[in-house]
Amino acid sequence: ALRPTRVLGERVVRLSPLPLPDDGSPAHHPALLLFAARATARGVDLDLDDAGVRADIARICRHAGGLPGIIEVAAARVDAVPPALMARTLGARRGTDSALAWSIDLLSKAAGTTLVQLSVFEGPFLLDAVAAVVDLGPTSADPAEVLLELVDAHLLDLDPAGTGEARFVVPEPVRDFARGRLGRDGRSEDVRDRHARYFRDRGRAGVEVVRREWPDIAAALDHEIDVGRFDDALAAAVALAPDVQEVPGVVASLEERITELLAKDEHVPPRLRAQALMWSTRTFPDGESADMQRFGLWTAQRLGAAMALARESGDGPALLEVLERTIRSLRITLDLAAAMSAAYEGIELARRLDDQPALARFECWVSMAE
């Protein structure tokens, strides 16, 4: 059954999607066997001993997300579209869409509306994210009940890797199909705006949240850039930067976006541009091919520009950040004079701001220099 019927005496056994085969999966893989069996029913015998045939079918099954109903619909077209062509062009899409349209049309109106809006999520999400992003309109539907209906219909999964509070995830083929509907119903921008606001706030929750929810936080930044809210995007990126410095994949992705925003040549407040320049110093245009001397000079120039902007802004904490970054970048810039000057200036500024942790760090650096 697509979902429980709630009749008296019913026993529910929840079935997960079939495991996803890779190109080298053996002939007895359950997804390949299901596809081959349904093809045979259409009068087409597939040779699963042929590695090429298995690889083509595996790609189709992965596109179907391991969902048996979608695999069956795709296999039903194999007499008209050979697996090789189906895999190469993802011609299974029409069959996938037919199966998903049928499944979604059986949902309640609230569940169908919710699923389309859930397609904006890139990764696993919490119930409170649904409450912030999904607009059910003038309905009294309980979001938790709606999510359970989607889970029952196998259109939404619980994150198998999740720990603690339950997180949900939209299977890739379902998300792709639902995004097509979202783009046609005229509410896409509103939904993406709510998604961006929610994940901009989530970015302030600390490094573990950023690490776990980075795909959606990155999508939120990209949306702000796409709609031209460059100041908002840059402010969010700069706020994220301190927490992600020890997360290599995230920090590189974030710094690329900061560099892109700086290149927009839009008016940006001096404080914000100073912080953006400071956090972009690891994204050297020449990449790994650059020699260290040129990289050090480029970094020193950026930090100098950031320091000048921070002073212009009159923002003490922003200037303190740049001074600290100047010292920490000594191994790259080799500019000892600039680092020592930053250390002495930092002590005085930290005292004026009564920032005791920063004062302790700058005093340590001065003592090392002396």
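Structure's up top.
Residues numbered from 1 in each chain as written. Predicted model: local features only at pLDDT ≥ 70, side-chain atom pairs only at ≥ 80, totals over all residues. Heavy atoms only, no water.

*Asks:* Give a description of the packing of aromatic side chains that names residues and reports values.
*Replies:* Tallying each qualifying case throughout the model produces 6 aromatic pairs. Both rings, one in Phe 121 and one in Phe 125, keep their centres 4.2 Å apart while their planes meet at 25 degrees; by these two values the pair is stacked. Taken individually, Phe 121 and Phe 125 each receive the classification buried, so the pair is uniform in this respect. For the pair Phe 121 and Phe 199, a centre-to-centre distance of 6.1 Å together with 75 degrees between the ring planes defines the contact as edge-to-face. Note that Phe 121 is positioned in the loop between helix H6 (109-118) and helix H7 (127-133) and Phe 199 in helix H10 (residues 188-202), a separation of 78 residues in sequence. Note on accessibility: Phe 121 and Phe 199 belong to one class, buried. In this structure an aromatic cluster arises from ring pairing among Phe 121, Phe 125, Phe 168, Tyr 198 and Phe 199. (Phe/Tyr/Trp six-rings, centres within 6.5 Å; stacked < 30°, edge-to-face > 60°. Buried < 20%, exposed > 50% of the residue type's maximum accessible area, 1.4 Å probe, protein only. Helix = DSSP H or I, 4+ residues; strand = E, 2+ residues; numbered from the N terminus.)

*Asks:* Got a sec to walk through the environment of Ile 258? Specific residues and values, please.
*Replies:* One can find Ile 258 in helix H13 (residues 248-262). A relative accessible area of 0% places Ile 258 in the buried class. Note: C-alpha distance between Ile 258 and Ala 39 (219 residues apart in sequence) is 51 Å.

*Asks:* With reference to specific residues and values, describe the pattern of salt bridges.
*Replies:* Tallying each qualifying case throughout the model produces 15 salt bridges. Here Arg 167 ties to Glu 213 by a salt bridge, and the two come within 3.1 Å at their closest N and O atoms. Taken together, the residues Arg 167 in the loop between strand E1 (157-158) and strand E2 (168-169) and Glu 213 in helix H11 (residues 207-226) connect sequence positions 46 residues apart. Here Arg 167 matches Glu 213 in class, with each residue buried. Through salt bridges that share partners, Asp 193, Arg 200, Glu 224 and Arg 229 make up one connected network. (Salt bridge = Lys/Arg side-chain N within 4 Å of Asp/Glu carboxyl O.)

*Asks:* I'd like to hear about helix H16 (residues 316-328), residue by residue, with values.
*Replies:* Each α-helix winds once per 3.6 residues, and so residues spaced three or four apart point in a common direction. The end-to-end C-alpha separation of H16 is 18 Å, in line with the 18 Å expected for 13 residues at 1.5 Å each. Counting buried positions over the 13 residues of H16 gives 10, a clear majority of the element. Taken together, the buried positions of H16 are Gly 316, Ala 318, Leu 319, Leu 320, Val 322, Leu 323, Glu 324, Arg 325, Thr 326 and Ile 327. Residues of H16 that are buried in the fold lie against helix H14 (270-279), helix H15 (292-313), helix H17 (330-333), helix H18 (336-353) and helix H19 (356-369). A distance of 2.9 Å separates the backbone nitrogen of Ala 318 from a side-chain oxygen at the start of H16, and that oxygen is part of Asp 315. (Expected span 1.5 Å × (residues − 1). Contact = heavy atoms within 4.5 Å. Polar contact = N/O pair within 3.5 Å; in protein donor to acceptor, adjacent residues only side chain to side chain.)

*Asks:* Outline a negative patch on the surface, listing residues and values.
*Replies:* Taken together, Asp 135, Glu 189, Asp 190 and Asp 226 make up a surface patch of like negative charges. Within the element layout of this structure, Glu 189 appears in helix H10. (Patch = residues over 30% accessible without salt bridge, like charges linked within 9 Å, V, L, I, M, F, W, Y side chains within 5 Å. Areas by Shrake-Rupley, 256 points an atom, 1.4 Å probe, with all protein chains shown as cover. Lys, Arg positive; Asp, Glu negative; His and termini not counted. Charge placed at Lys NZ, Arg CZ, Asp CG, Glu CD.)

*Asks:* Residue-level account of the nonpolar core, with values.
*Replies:* Counting 103 residues, the largest nonpolar core has Phe 35, Leu 118, Phe 125, Leu 156, Trp 214 and Leu 254 as the members making the most contacts within it. Beyond its immediate stretch of four places on either side in the chain, Leu 254 contacts Trp 214, Leu 221, Ala 237, Leu 240, Ala 241 and Val 244. (Core = buried A, V, L, I, M, F, W, Y, C linked by side-chain atoms within 4.5 Å.)

*Asks:* Talk me through the packing of H14 against H15; I want residue IDs and the actual numbers.
*Replies:* Where H14 meets H15, the closest approach of the two axes is 8 Å, and the angle between their N-to-C directions is 160 degrees. Between H14 and H15, the crossing angle belongs to the class labelled roughly antiparallel. Remark: the crossing between H14 and H15 carries left-handed chirality. Judged by residue contacts, Pro 270, Arg 271, Arg 273, Ala 274, Leu 277 and Met 278 of H14 engage Arg 302, Leu 303, Ala 305, Ala 306, Leu 309, Ala 310, Glu 312 and Ser 313 from H15. (Axes fitted to C-alpha atoms, helices over the stretch in contact; angles between N-to-C directions. Parallel < 35°, antiparallel > 145°, perpendicular 65-115°, else oblique. Left-handed = near helix turned anticlockwise from the far one by under 90°.)

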